[in-house]
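Here is what each chain is made of, one letter per residue.
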Amino acid sequence: MSLPDPVPSGPFLRLEGITKIYGEARALDGVTLDIAQGEMIAVIGRSGAGKSTLLTVINRLIDPDGGTMTCKGRDVLALRGRDLRDWRRRCAMVFQRFNLVARLPVLTNVMTGRLALRPLLPSLLGLFTDEDRAAAIEALVALDMGAQALKRADELSGGQQQRVAIARAMVQDPYIVLADEPVASLDPRNSEAVMDALARINRDHGITVLINLHSVALARAYCPRSVAMSAGRVVYDGPTEGLTPQVLERIYGTADPDAIEDAA
Ligand SMILES: Nc1ncnc2c1ncn2[C@@H]1O[C@H](COP(=O)(O)OP(=O)(O)OP(=O)(O)O)[C@@H](O)[C@H]1O
C-alpha cells in the first residue's frame, strides 16, 4: 500500500466503533481511538479487557465484526492480498515470548523481519541480501545489541532476546510497533532495558508505539498517553499522568499497584 510519508502530527490511525465478538464475550465493544504518528501509548486494563484483541485487530491478524479503521483516510479493513501483507509488515508485532528461532544466530533472526518486504520465492528460500544484513546490523547497533549479532538467540537473556525481537520489528520498516505485554516475563532490570529500546525507536525513528502493559508504573515512566480498557471498552484515554487513584479504582477496582499487576 503506498501511503504518503508519515506526518509529525494529526490522526494517523483512526478506529471507530470497532467490535469483536467471541461467542458471549465482546472482546472489543465499540472502540473508538485516534492515534497520531509518533505517539507512544500504553494500553492498560484488567486481564480479559481486550488489550491483545485490540492490537491484533489493528495488525489485521484478526478482523473485527463491526466498525471502521482508517490509516490517513484509507480503509484498512478493505485491504487484500499484497496490500494486506504490506499493512501487516507496517504494523510490526512484538510478543511477550519473543518468538525468536532459538538455535539461529541473532543476526539471522533479525533478518527474518526483512522477508516481509520481499517477493515470496526468495523469502521461502530464506535468501538474504547485503542490504538485509546491513539493515539488521544497523537495528541491532541502535539497540546496543551489535556485539551479540553472531550469538545464538538462546544464549541471550530474556531482555536481550526481546531487544532482538524489537530489532526484527524495526527492519520491517514499520509505521507502528504493536507490543503485546513485551515485558511481562522479564525482571525489572530487563523490563527497563526493553522499555528503553521501545522508547528509543519511538524517539529516534519516529515509529508509533502501542504497548500493552500490566504495570501502571511503566506506563507512567515511558508513555505520555494511556488508553485503559475494561470489558472491551475504552474507559480512559488521556495523559498517563491523569491516572489518579480514583481513575485506577474505576479501571481495576483498586488503586493498589500490586493488586493492579495481579489483575492485569
Ligand atoms: N480466540 C478467542 N476465542 C474466544 N475468546 C477470546 C479469544 N481471544 C480473546 N477472547 C476473549 O476476549 C476477551 C478479551 O481478551 P484479550 O486477550 O484481548 O484480553 P487482554 O486484555 O489482552 O487480557 P490479558 O491481559 O489476560 O492478555 C476475553 O474475554 C477473552 O477470553
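Rules of the game
Residues numbered from 1 in each chain as written. Predicted model: local features only at pLDDT ≥ 70, side-chain atom pairs only at ≥ 80, totals over all residues. Heavy atoms only, no water. Helix = DSSP H or I, 4+ residues; strand = E, 2+ residues; numbered from the N terminus. Rg over C-alpha atoms; globule rule 2.2 N^0.38 Å. Buried < 20%, exposed > 50% of the residue type's maximum accessible area, 1.4 Å probe, protein only. Contact = heavy atoms within 4.5 Å. Areas by Shrake-Rupley, 256 points an atom, 1.4 Å probe, with all protein chains shown as cover. Lys, Arg positive; Asp, Glu negative; His and termini not counted. Charge placed at Lys NZ, Arg CZ, Asp CG, Glu CD. Phe/Tyr/Trp six-rings, centres within 6.5 Å; stacked < 30°, edge-to-face > 60°. Lys NZ or Arg CZ within 6 Å of the ring centre and 35° of its normal. Arc of directions from axis to C-beta. Pairing = 2+ DSSP bridges. Right-handed = clockwise from strand over helix to strand, strands pointing away. Axes fitted to C-alpha atoms, helices over the stretch in contact; angles between N-to-C directions. Salt bridge = Lys/Arg side-chain N within 4 Å of Asp/Glu carboxyl O.

Colleague: Looking at this structure, how should I read the overall build of the protein?
Modeller: Scanning the protein from N- to C-terminus turns up 10 helices and 10 strands. The C-alpha radius of gyration computed for the protein amounts to 18 Å, which stays within 12% of the reference 18 Å derived for 264 residues, consistent with globular compactness. For the protein, the spread of C-alpha atoms along the three principal axes comes to 55 × 40 × 35 Å. The buried share of the protein, reckoned over its 264 residues, is 52%. A sequence separation of at least 24 residues applies to 69% of the contacts in the protein between residues at least 6 apart. Accessible surface for the protein amounts to roughly 12,100 Å². Of this, 51% is attributable to carbon and sulfur atoms. Separation of charge centres in the protein, based on 30 positive and 32 negative side chains, amounts to 5 Å.

Colleague: What is the right way to read the packing of aromatic side chains from this model?
Modeller: In this description, an aromatic ring pair is defined by two values, namely the gap between the centres and the angle between the planes. Taken as a whole, this structure holds 1 aromatic pair when the rule is applied. Here F12 and Y175 contribute two aromatic rings whose centre-to-centre distance is 5.5 Å and whose plane-to-plane angle is 80°, an arrangement assigned as edge-to-face. Of this pair, F12 sits in strand β1 (residues 11–22) while Y175 sits in the loop between α6 (158–170) and β7 (176–180); the two residues are 163 residues apart in sequence, bridging distant segments of the chain. Residue classification places F12 among the buried residues on the basis of a relative accessible area of 3%. Its relative accessible area of 7% is what places Y175 among the buried residues. Sitting over the face of the ring of Y175, R90 holds its NZ or CZ atom 4.5 Å from the ring centroid.

Colleague: Sorry if this is basic, but what is going on with helix α9 (residues 245–252) here?
Modeller: One turn of an α-helix holds 3.6 residues; hence residues three or four places apart share an orientation. Taken together, the buried positions of α9 are V247, L248, I251 and Y252. One side of α9 holds all its buried residues, which, seen down the axis, span an arc of 110°. Across from the buried face of α9, at angles greater than 90 degrees, the exposed residues are P245, Q246 and R250. As for α9, its buried residues are in contact with β3 (40–45), α8 (216–222), β9 (225–230), β10 (233–239) and α10 (257–263).

Colleague: Mind showing me how you'd approach unusual backbone geometry here?
Modeller: Negative phi values dominate among residues other than glycine, just as trans dominates among peptide bonds. One non-glycine residue, N99, lies in the positive phi region at around 55°. Residue position: N99 is located in the loop between β6 (91–95) and α3 (106–111). According to the relative accessible area criterion, N99 is partly exposed, its value standing at 43%. The residue D173 is not glycine, and still its phi comes out positive at about 60°. Mapped onto the elements of the fold, D173 is located in the loop between α6 and β7. Here D173 falls in the partly exposed class, since its relative accessible area comes to 43%.

Colleague: Looking at this model, I keep getting lost on the pairing of β7. Mind explaining?
Modeller: Within a regular strand, the side chains alternate between the two sheet faces. Taken across its 5 residues, β7 has 5 buried, putting it largely inside the fold. As judged from the 5 bridges shared by β6 and β7, these two strands associate in the parallel manner. In the sheet register, V94 faces β7, and the bridge partner there is A179. By the bridge criterion, 5 bridges tie β7 to strand β8 (residues 208–212) in an arrangement that is parallel. Across the sheet, I176 pairs through a bridge with T208, a residue of β8. Following the backbone out of β7, through helix α7 (residues 188–205) and into the adjacent parallel β8, one traces a crossover that is right-handed.

Colleague: Please clarify how the sheet that holds β3 should be interpreted in this entry.
Modeller: Backbone-to-backbone hydrogen bonds join strands into a sheet, with any given pair of strands oriented parallel or antiparallel. Pairing within the open sheet is mixed, and its 6 strands lie in the order β6-β7-β8-β3-β9-β10. Strands at the two margins of the open sheet, each flanked by one partner only, are β6 and β10. Each neighbouring strand pair of the sheet contributes to a mean axis angle of 20°, computed without reference to strand direction. Packing of α6 onto the sheet brings it into contact with β6 and β7, and relative to β6 it is tilted by some 170°. Packing against the sheet, α7 makes contact with β3, β7 and β8, and its axis sits at approximately 155° to β8.

Colleague: What exactly am I supposed to notice about the pattern of salt bridges here?
Modeller: Two side chains bearing opposite charge may form a pair once their charged atoms approach each other closely. For the coordinates displayed, the defined rule picks out 14 salt bridges. The residue R133 makes a salt bridge to D130 at a minimum N-O spacing of 3.7 Å. Here R133 pairs with D130, and both are found in helix α5 (residues 130–142), just 3 residues apart, close to one helical turn. Exposure remark for D130: the relative accessible area of 64% places this residue in the exposed category. Because the salt bridges share partners, they merge into one network encompassing R26, D29 and R233.

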